[in-house]
Each structure stands twice: as structure tokens, then as C-alpha cells.
Amino acid sequence: MMKKKSISASKASLVLFLCQMISALDVPLDSKLLEELLQPPTITQQSPKDYIVDPRENIVIQCEAKGKPPPSFSWTRNGTHFDIDKDAQVTMKPNSGTLVINIMNGGKAEAYEGVYQCTARNERGAAISNNIVIRPSRSPLWTKEKLEPNHVREGDSLVLHCRPPVGLPPPIIFWMDNAFQRLPQSERVSQGLNGDLYFSNVQPEDTREDYICYARFNHTQTIQQKQPISVKVFSTKPVTERQPILLTPTGSTSTKVELRGNVLLLECIAAGLPTPVIRWIKEGGELPVNRTFFENFKKTLKIIDVSEADSGNYKCIARNMLGSVHHVISVTVKAAPYWITAPRNLVLSPGEDGTLICRANGNPKPNISWFANGVPIAIAPEDPSRKVDGDTIIFSHVQERSSAVYQCNASNEYGYLLANAFVNVLAEPPRVLTPANKLYQVIADSPALLDCAYFGSPKPEIEWFKGVKGSILRGNEYVFHDNGTLEIPVAQKDSTGTYTCVARNELGKVQNEVRLEVKDPTMIIKQPEYKVIQRYGQVSFECIIRHDSTLLPTVIWLKDNDELPDDERFLVGKDNLTIMNVTDKDDGTYTCIVNTTLDSVSASAVLTVVAAPPTPAIIYARPNPPFDLELTGQLERSVELSWIPGDENNSPIRNFVIEYEDGLHEPGVWHYQTEVPGTQTTVQLKLSPYVNYSFRVIAVNEIGRSQPSEPSEQYLTKSANPDENPSNVQGIGSEPDNLVITWESLKGFQSNGPGLQYKVSWRQKDVDDEWTSVIVANVSKYIVSGTPTFVPYEIKVQALNDLGYAPEPSEVIGHSGEDLPMVAPGNVQVHVINSTLAKVHWDPVPLKTVRGHLQGYKVYYWKVQSLSRRSRRHVEKKILTFRGNKTFGMLPGLEPYSSYKLNVRVVNGKGEGPASPDKVFKTPEGVPSSPSFLKITNPTLDSLTLEWGSPTHPNGVLTSYILKFQPINNTHELGPLVEIRIPANESSLILKNLNYSTRYKFYFNAQTSVGSGSQITEEAVTIMDEAGILRPAVGAGKVQPLYPRIRNVTTAAAETYANISWEYEGPDHANFYVEYGVAGTMASRQIDIATQGWFIGLMCAVALLILILLIVCFIRRNKGGKYPVKEKEDAHADPEIQPMKEDDGTFGEYSDAEDHKPLKKGSRTPSDRTVKKEDSDDSLVDYGEGVNGQFNEDGSFIGQYSGKKEKEPAEGNESSEAPSPVNAMNSFV
């Protein structure tokens, strides 16, 4: 029996909690009520717990609170009272607890580091803020260190350490180069979480000297830079592939602790070649969906909003084709305290019971401690109504003195939570917060909700009555809500009336009356019906309604649940919708919607448009002009115009255009006035004063415009003051001592009356001066003389006529005339960037000396002389203009190794100012241009003579010439490359010890101390024997060859043709033959003819194939009138030696002027004297290759060309020329 009557402690807590839920009062958010009720303090705003401040700015520690009466504030610092009155740098904002520590006027932020706590107190209790830890941000400099270059073998891994300075808060790390461009990152190269730059394997392109780590401290907006790190990659062949190894983390396992709710970041970066690919898994589980992200090319696993369930082992696997490696990271998720149930404010009546519950969780589980008015509850003043039970405070039979603010602190090693909750014991008589006599309106048969918002302590009881002396409302036809609201689920007309709510408790009683009106519902008594209408017909939908007489309905029509088209054919009447001239696009559903302030009803119908039956052809035409124009209702500024429309000629009139004529100012000129819809035949027209109006009307339909109607009678409006002033008023001086004021004059009808004039006013701006005014005739310009140079003026121009002035005009700012600038820019400095570019700096001139609108600066510069030639030439000055108030500019296009002068001048609207003193600067040496020519003469069995000209543009002091040459064998392959360095003062060279009858290719260029210039190439052949060469006579000059020779070939290429010129030595009446090819597929295209006797004997020893080819050649020649190219060139040599065609093995032949057969690519040009453009578009100048084409009488060549740029000489055996006849013959030996 005793067990049945006893209640356990846990059940007692539950009962008390339920009692709290039942008995605690809710205070309505009524501003007037809140102002009257006593309330303990509540902290409404405070600074964050960990508050990092900028040491350069004032420290503001926020603490705001509310309460009744308003609370007072105090602070503690590092656990002791902080007396702000004793520190001149610290102030508290009025009516606030916010502290302002003045750092900007001498204070030091470091002196105010510490833990601060705010207390807000009034007679009902004290609330406290969190512990606010103040720490100034820090952005220390990088410690200086000597960084050695990193020499790394290609394919090896590399880690560039950043090691940023420790800042508060920690900096953001990124890597850039000297040009402030972010270094590209990839699966191979990426930045780790610690800021280091990891290379899984290095490549030659990683070589650079400007790997720079930057640390950005956001709090102080500063960026610190580490010394550049140099990386040099050296190559070894072959590059060894490597299986993956982990660069970070090291070892096979590691641990990671993260807090609940934070972002978990796990990282694995691996080395290896090929670059390893990273994959992540969670052992014994799946990665959380929607919270898992992969960053840094999957090297970083990111899980947001982690919880204890995310604890476990995470494995990263790095794999390439040679193998894999893995690392397991054991993750433990801890938790700072977080709320399960935070304590809530209690409002109790005297004698009531209640509880404060403070429940929090965390890992480890947090400790709960209670405070009363900021004091630990164990040492706080005793309260017999209060009992602490762990995380709960139980209140029983409270009194007004029990009011207090309680603090709950939940803490573990990872943080704490602090919550304020007050117990406010109030004894208040009932109050009704709903306005008296409030009117409620509802539609019959719908619910009605009548409010009775209330407050009282103890909680009042609510009763409802109908009428002044009615009985209390009870029964199922009413619903009584806890907030005092009375609900009538189905209101009827007889529900209309006055309702009274009564609130009472032991301290008093109060009542309030509200009124209810029940309205008749809105109904559509005739709904729109389904319609079928022929195209171009007319249709109407009805929508007749009935509604409560006290409600104002609005009717809206929709088409297919959207607004009606903006079309004049749709006419909305009071009870219907009419559509004129129906078209196919009008097909659809039409809905009539009726809205009142209380209800809404709708009805719909479908319109189907069908084709009209065939009808006789209708003739459409423009409408006839309107007639019988009449003016009525003449007023000073308006008149009404009416007319009768003419015949519309089977096309409805869409609109009427009204035009007017001003017989006073512009007789005979008609102007557009307005236009109105075609259904309208009257219009109210706005008029201007002092205009003699006549009007005419034009009708418009789909076909076009009618002829204008006859003009109406004239109507002269009365004069009036001008309504507007001139526009586009400007003030610009034409001379240094004047101000020219201009404006756009008013049009004739804008004058509003006779005697139009203008009042021009001006005064100097920013000077205490009176306006100067002058009245001028109807002009558009006035000149003010004797003004200071370039000063601002305020200007206004006002219109006036015989009746008075226009409204006061707005002012504009102008300037008197400009004069040339007075002074030159000073401190002109030149910084030479490279041999062709320089940067010039100057100091800006004072604006007062500009004496005008500063337009910019002009830099005049010119070349004085070339430092290499020491020869002066015609001085051509160049000018660069830099707009605006710039103080520097770049000078491009300079010539290397030259002396220049420059000066700078300021420019305004008047012109240029004086020049600054000439500044001399010199450009450094550059690389030279190619030698002006390269001639190869005097071929012998084993030697060639080379002659050359110095570069046209040496661009410095020539140090030497570089000659490279290599033989080309009979299979068109390049032999070994030989290089010779020649002193700069030489202009010729005899190459000896060469192979006989061998083709050589020469590459020739000049050098300065800067480097080598572009090269020039030539080819030549040593002779087979000396039978055809005469020995020089005693005292004779150079050897005169008896065989034909072409030398000094020059080319000039345009977009669609090329011009080739040469020097010829040999017999007269020679035929010339040019052959071209595509560079890159052949080393060269040359035609050589053997003219030596021993070569004929060699040819006789060739097999029968050569004899057959010779016979075929002669036969074709006799048939087609063709001649071998060398037959006449070799008039003094053996005529049987002929070049072979590349394509088909036949001997090379040339057509006469009548032969028009097309040629193959790589052969000669067609006889129409063109070369097909599609063969190639490359420039012959670039390549120096032979071209097929036509020759002028002077021996030059004109025609299209083909080829590619000649490749650099190579050591290999790549082919560099087409087979020459000599080499072709040699191949048979």
C-alpha cells in the first residue's frame, strides 16, 4: 500500500516539469505591455568569445541588455573588477554596456589583452555575458634564411617548405611567381594543408627561380613574402619510373581529432612516376553522402558538419601503374558542449511552482554548474523556494523576492556554454490586449475567429458572452482556444452581433467587446458558356454576379489562366467580355474571376475558332480621309477636336493621327500632335501659348494611311510667359581673356509670346561676387571679355518675352579661355628596360600652371646617333601622348645600341607647354640583323670562296661571324655540321680541304656580345675537275668561268606573288628555269648541270636505262617544240647532259609560249605564268627557295610561290634538298 502512494524522485521531477509547462506564463509580445512590466536583465548582444582585434583600430567590446527598469553595467577583467573610470583610454557608451578602448590616440592593444565579462543588473537580478577573450591580431615578418637552390633529378619528388610566421589568426598561404601570378597546380604539383608545395615528380618545365610563398593575414590586410626558392631540374636518360610513396602523412597510420560541427580535412600527397592517383575509403563504412567533398585533385578529403558518427578509420590509397601505397588515419570526433535543453525564462505568479532545466551534451560529457545573478549558486543568498537538483532548479511557492537571473554553465575541455534565464515573479491584474470594438467580417458558412489576447499574473480565466447582457457561451457550436480566441466554426447570418470577452484572476477583472458581421457570399448567377465562332466574327461571354450590398466586387477576365492580350479587340464590359474580329490565336479558355475583400469566385468557358465559309473576294484599301473637323471647348491651354471618319474600305481603322500647323511661326509645316484608337472620334488636345493652330486628321488601317483631312478652323492661343529655358548651356573660352556662353535657342512655339529674349548671367565660382547679367536678342551666343585665364564661372540663361520671365534656370559651370601651360614637367628620368624599350618618369606640373584642362603629357624623343656606326642621320622626332595626369610612360620601338634624346611637355586644350630639358639616354646592345649578303665564288676541286657584307643593323659592336656548313650527299641527306668563328673585321674567307663535286649548305650569321643574329643561307658545289676552267693569265684578275653561272639570288615576296632577281654569268641567249618545293620535305631545290668532260664518260658507263631516257627526251622535244633548259646554257659543254624531272624520272623540259599543259607541284610553273596558291602560302623571302614562274625582261621573276621556313641546321641525316641532276647521276655510280 505504501508503494502505491509513494512517488520516486525521477517521477517527481517529471510532475514538476509538467507543472511548469502548465503554470508558467507566456508574456505576449505587446510593446506597450512590455514597457510596463518589471523584467530582470537579458543580454541581447555581446562580442564573440574569442575576439581577435585589429591593433591599429579602437577596440569595441559589445554588451547590450534590456530590462525593466533599464539595467546598469559593470565589467571584470581577468576575474577582477575593471574600473573604467581610472583608464582615460576606456569609455562606455551611453545607455549601454559596450566598451570603447581608444587605441588610435595613443593606446596600445597589447596592454588590453585579457578575459572580459560584462554584468547587466537591475533590481530584479543580474545577467552576465560570456568570457570574452581579447587578443590583438599579429602578422609577424618572415625570419630571414639563406635558401640554397634545389637541384633535382627529373622524375624525383620535391617538397618546397613554406614555414610561414606564426600569426593570429593563422595566415592564408599561396604560392606565386615574381609576376604575381599564381603558380599552376595539378595532380602532379599541389599545395598541402600546411602550405608546403609538393611535387609528385619534377619535370624540366619546373625549373625556375621564383617559387615564392606568400602569407596573407586577413585581419590586418597584410601579405608577407618568403624569399624566392630556386628549382633546377637536371635530366638523365632514361627517366626511371617509380611506384608511389607518401610525402605526407608519413608512416602507415596516424590519428586526427576533430570537433563536432567542424570541417574535417584529411590529406594524402604521394610521390611517384607516373603521377599517382589518390582514392579515399572509410574502413567498415561509407563516406557520408552530401557532406563529403574532394579537393586539391582528390588529395584532400573534406567532410563538413562532422558528428560522432564520422569517427573511424579513413584510408587513402595512392596508385600508379607500378604499384600502390596506403595510409590509415584514425579519426576521433570530440564535441564541445552543445544544448539539448537550454534554460528558458520563467514568468510566475506568487505561490506558483516552476523549474529551470539545463541539459547539454558533449564528448567528454560536460559539467553543469549554476549561478544566481552571476554568483555561484552555492554561495549565493539562500532562497527557500529554490532547490538545485543537478541540471534542474526546482521552484515551489515562489514570492516576488524570488525574482533573479540564473546562469547555467556547461563546460568540458573543448569549450563551454553559458545561458541566462530569469525567474520573474509578477502579480498583475488581467489586461486585454485586443483593441476594443474591433470589427470582424466573414462570409456566411465560413469560420469566424474572434480574438481576446490577454495577460495577467496569475493567469486569468477567459469567458465569452454574446450581447451586453447575454449568457455565457458554451456548447459544441463554439471552440475556446487557450490564447483566448473564440472560434465559431460555421458562422450564420444570425451570428452577427457584439461579443464580450471577460478576463479575471484574483487581482481583478477586465472585459472587452468586439463586433462580428456575417456577409452574403458572392455568386455568379449567369456563367460564361462554351462558344464556337467563325474566324473574323464577334463573340461575347456573360458573367452576371450577385453579391452582398456592402461589398464592392471587382471582375477580372483571364485567357488560359493569364492576362487578356493587350489588344483593342477585347472589350470588357460590366457583365461581359466581347472579342471583335476573332482570329485563330483567340482560341482558348476564358475565365471570369470575381473578388471582394472577403471572398472570390470564378467560372470558365472555352472558345473554339473555326474557319469561315468561302466568301467573295474582298477588296481592301486605305481608309478615306476623315471630314467635318470641329473645334469646341476652346481654353488657353486646351481644345477639343472632333471629326467624322471616312469609309474604312473593308479594313477596320486602327487609329487616327492628329497633326497641327503653326500658322504664326511655321506656316505650311505640319507637326505630329497625338494619336487615338480607331474607335474614338474626339480628343482633348493640349496647346501651347502664342500659337495659331490648325488641325488635320489622318486615318490608319492595316493597308496604310489615308489622305489628310481638310484643315480645321484656326485657333490662336493667348500669349504667356515662357514655360522653359534654353537647353545645352555651355561656357567655354575661345581666348585666354574671354568666356563664350552658348545655348540652344527656343523653337518658335516655345517662346509663348512675342519679343523673345534671353537674360544671360554669370559670376566667378568660389568668389564672393554678384551676378552680372545682360539681356540679349534672340541669339544663341554671348561673349564675356576681360576674364582671368581659365577660371570657373557659374552661368545661367533665362528666357523672357513681352509678358515676363521663364522659371528660374539651373546653373551650369563653365571656364574662361585657356592659355598655354607655363612650366615644363620636372625631374624627367629614363629607365632603360631593354634594347628596344624604355620607361620615362616625370613630376607632374602644378595644376595652377596648366592654365586649362589638363589633357595629358607629350613625350618627344628622337635618335641622335647609332653607337656602332657613329654616323648621324636625319633626325625624325617621334611623339607619344599620355592622357590624363600620368607621370610615366613606355617608349617602344627603340633601336638597340643607340643614343636618344627626349623631352616632356604638358598639354591642355590650348596646346603644349614648354619642353623640359633634353634628357639623353642610351639603349644597350642587341643582336644584329643578318649579314647583308653572302656570295660564294671561285669553286675549285677542294675550295670555295665566301664573301659577305656586314649586317645592315649591327645593333652593337660585332664580335665575330659564325659560319656553319655541312655537305649534302647524293641521297639528299645532310652530313656533319662544321662551325667556324670568323673575326668581325673579315669580309671574305677561302674554305679549303673540301670534297670535290660535293654540294655544301652554308649558314652564316653575325654576333654581338648579346648574342647571335638571324642567319643567311646559301648553297654551292665544288667542281668535278678543272678541265673547263682556264688558268688565270699573268696579271689577270679573278678566274673567269666559261660555264653559265647564276649568283646573288634575291627574293621579295608579296601576298600573291614573288619577285626573284639574280646575276648571270655565261653565254648570251640562255633559257632560265626555276623550280620550287615545300621546305621540310626536301633539304633544297636546285638544278645543277654537269659540264665537265669526264662526266660525259661517266654517263656512257651507265646502264641501258640512261640511253633509253635520252632517246625519249629527244623524241618528245621534236614532237612538241620543247627545249631542254640547259641545251643553250651549256652551248660550250656537252649537250647530252640534261636534268631529270623529280616526279616521273624523265628529263626536265621547257615548253615554248604555246604549250599550256599544267605542271605538277615541285615542277615548273604552267605556261599561263602563274603558280597555284593552294600549293603553299608561305613567304619566299622567309625560305629562300626556288620558285616556278614567269620572268621579266630584266631577269626578275614574278609569280606565286610555295614553301615553308627553312629548318635550323641539324647534326642528323635528314634530307634538306631535292635531287640535283649531278647528284642524281652520281646515284647511278
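Being a predicted model, the structure only gives us computed values, none of them experimental.

Chemist: How would you sum up the overall build of the protein? Please name residues and give values.
Modeler: Looking only at helices and strands, the protein has nine helices and 89 strands in total. Of all 1229 residues assigned to the protein, the portion counted as buried reaches 43%.

Chemist: Tell me about the sheet that holds strand S51 (residues 554–559), and name the residues and values.
Modeler: Here we have five strands laid out as an open sheet, ordered S48-S56-S55-S51-S52, and mixed in their pairing. Of all strands in the sheet, those with a lone pairing partner are strand S48 (531–534) and strand S52 (562–563), marking the two edges. Summarising the sheet, S51 and S52 pair through two bridges and their orientation is antiparallel. Along S52, the bridge assignment pairs Leu 558 with Glu 563.

Chemist: How would you sum up the state of the cysteines? Please name residues and give values.
Modeler: Applying the stated rule across the entire model yields six disulfides. At a sulfur-sulfur separation of 1.8 Å, the disulfide partner of Cys 268 is Cys 316. Judged by the sign of its S-S torsion, about -70 degrees, the bond between Cys 268 and Cys 316 is left-handed. Taken together, the residues span a long stretch of sequence, with Cys 268 in the loop between strand S22 (264–267) and strand S23 (269–273) and Cys 316 in strand S27 (residues 312–320) at a distance of 48 residues. Summarising the burial analysis for this pair, Cys 268 and Cys 316 share the class buried.

Chemist: Can you explain the nonpolar core? Please cite residues and give values.
Modeler: Core analysis: the biggest nonpolar cluster contains 30 residues, and Ile 59, Ile 61, Trp 75, Ile 101, Tyr 116 and Ile 134 have the highest contact counts within it. Every element with two or more residues in this core is listed here: strand S2 (50–53), strand S3 (59–61), strand S4 (63–68), strand S5 (72–77), strand S8 (99–101), strand S9 (114–122) and strand S11 (132–136). Ranked by the residues each element gives to this core, the list is headed by S9, at three residues. Contacts of Ile 61, omitting those with residues within four sequence positions, involve Ser 47, Tyr 51, Trp 75, Gly 97, Thr 98, Leu 99, Ile 101, Tyr 116, Ile 132 and Ile 134.

Chemist: Which residues make up the pairing of strand S57 (residues 627–632), and what are the values?
Modeler: Side-chain positions along a regular strand alternate between the two faces of the sheet. Here four bridges tie S57 to strand S58 (residues 638–644), and the two strands are oriented antiparallel to one another. Of the residues in S58, the one forming a bridge with Leu 631 is Leu 641. The turn joining S57 and S58, which pair antiparallel and follow one another in sequence, is formed by five residues; a positive phi near 60 degrees is taken by Gly 633.

Chemist: Residues and numbers for the pattern of salt bridges, please.
Modeler: By the definition in use, this model includes 38 salt bridges. Notably, a salt bridge pairs Arg 208 with Asp 177, separated by 3.2 Å at the nearest N-O pair. In this pair, Arg 208 is assigned in strand S17 (residues 208–217) and Asp 177 in the loop between strand S14 (172–176) and strand S15 (189–191), connecting sequence segments 31 residues apart. Judged by relative accessible area, Arg 208 falls into the partly exposed class, the value being 26%.

Chemist: So what about the packing of aromatic side chains? Which residues, and what values?
Modeler: Scanning the model with the defined rule gives 20 aromatic pairs in all. Centroid distance Phe 180 to Tyr 214: 6.4 Å. Interplanar angle 45 degrees. Geometry classified as tilted. Residue Phe 180 is found in the loop between S14 and S15, and its partner Tyr 214 is found in strand S17; the two are separated by 34 residues along the sequence. Here Phe 180 falls in the exposed class, since its relative accessible area comes to 56%. Residue classification places Tyr 214 among the buried residues on the basis of a relative accessible area of 5%.

Chemist: An account of the pairing of S51 is needed here, citing residue identities and associated values.
Modeler: Sheet topology places S51 next to strand S55 (residues 588–595); six bridges connect them, and they run antiparallel. Across the sheet, residue Trp 557 finds its bridge partner in S55, namely Cys 592. Counting the residues between successive antiparallel strands, the hairpin from S51 to S52 contains two residues, one of them, Asp 560, with a positive phi of roughly 50 degrees.

Chemist: Describe in detail the sheet that holds strand S75 (residues 878–883), supporting the description with residues and values.
Modeler: One open sheet accounts for four strands, arranged S75-S74-S77-S78; its pairing is antiparallel. Both outer strands of the open sheet, S75 and strand S78 (919–922), are each paired with one neighbouring strand and no more. For this sheet, the mean angle separating the axes of adjacent strands, direction not counted, is 25 degrees. Two strands pair when backbone bridges link them, and strand S74 (residues 856–866) and strand S77 (residues 898–907) are joined in this way by ten bridges, in the antiparallel orientation.

Chemist: Could you give an account of a nonpolar patch on the surface, naming the residues involved and the relevant values?
Modeler: Together, Tyr 530, Val 532, Val 606 and Val 610 line one region of the surface with nonpolar side chains, adding up to about 340 Å² of accessible area. For Val 610, the location among the structural elements is in strand S56 (residues 600–610).

Chemist: Residues and numbers for unusual backbone geometry, please.
Modeler: Following Lys 68, the chain continues into Pro 69 via a peptide bond in cis, with omega recorded as 0 degrees. Among the structural elements, Pro 69 can be located in the loop between S4 and S5. Residue Pro 249 follows Thr 248 across a cis peptide bond; omega there is -5 degrees. Considering the arrangement of structural elements, one finds Pro 249 in the loop between strand S20 (242–248) and strand S21 (253–259). Positioned with a positive phi, Asp 305 is a non-glycine residue whose angle comes to about 50 degrees. Tracing the sequence through the fold places Asp 305 in the loop between strand S26 (300–303) and S27.

Chemist: Go over the environment of Ala 699, please, and point to the residues and values.
Modeler: For Ala 699, the position within the fold is in strand S62 (residues 692–700). Since its relative accessible area comes to 0%, Ala 699 is described here as buried. Spatially, the C-alpha atoms of Ala 699 and Pro 677 are 9.9 Å apart, while their sequence positions differ by 22 residues. The residues contacting Ala 699, other than those within four sequence positions of it, are Pro 623, Asn 624, Pro 626, Ile 653, Asn 655, Phe 656, Gly 704, Arg 705 and Ser 706.

Chemist: Any chance you could break down the side chain of Ser 47 for me, citing the residues and the numbers?
Modeler: Topologically, Ser 47 is positioned in the loop between strand S1 (39–46) and S2. For Ser 47, a relative accessible area of 4% corresponds to the buried category.

Procedures and definitions
- Residues numbered from 1 in each chain as written.
- Predicted model: local features only at pLDDT ≥ 70, side-chain atom pairs only at ≥ 80, totals over all residues.
- Heavy atoms only, no water.
- Helix = DSSP H or I, 4+ residues; strand = E, 2+ residues; numbered from the N terminus.
- Buried < 20%, exposed > 50% of the residue type's maximum accessible area, 1.4 Å probe, protein only.
- Pairing = 2+ DSSP bridges.
- Disulfide = S-S within 2.5 Å.
- Core = buried A, V, L, I, M, F, W, Y, C linked by side-chain atoms within 4.5 Å.
- Contact = heavy atoms within 4.5 Å.
- Salt bridge = Lys/Arg side-chain N within 4 Å of Asp/Glu carboxyl O.
- Phe/Tyr/Trp six-rings, centres within 6.5 Å; stacked < 30°, edge-to-face > 60°.
- Axes fitted to C-alpha atoms, helices over the stretch in contact; angles between N-to-C directions.
- Patch = residues over 30% accessible without salt bridge, like charges linked within 9 Å, V, L, I, M, F, W, Y side chains within 5 Å.
- Areas by Shrake-Rupley, 256 points an atom, 1.4 Å probe, with all protein chains shown as cover.

Everything listed here is a matter of coordinates, which is why it stays silent on function.
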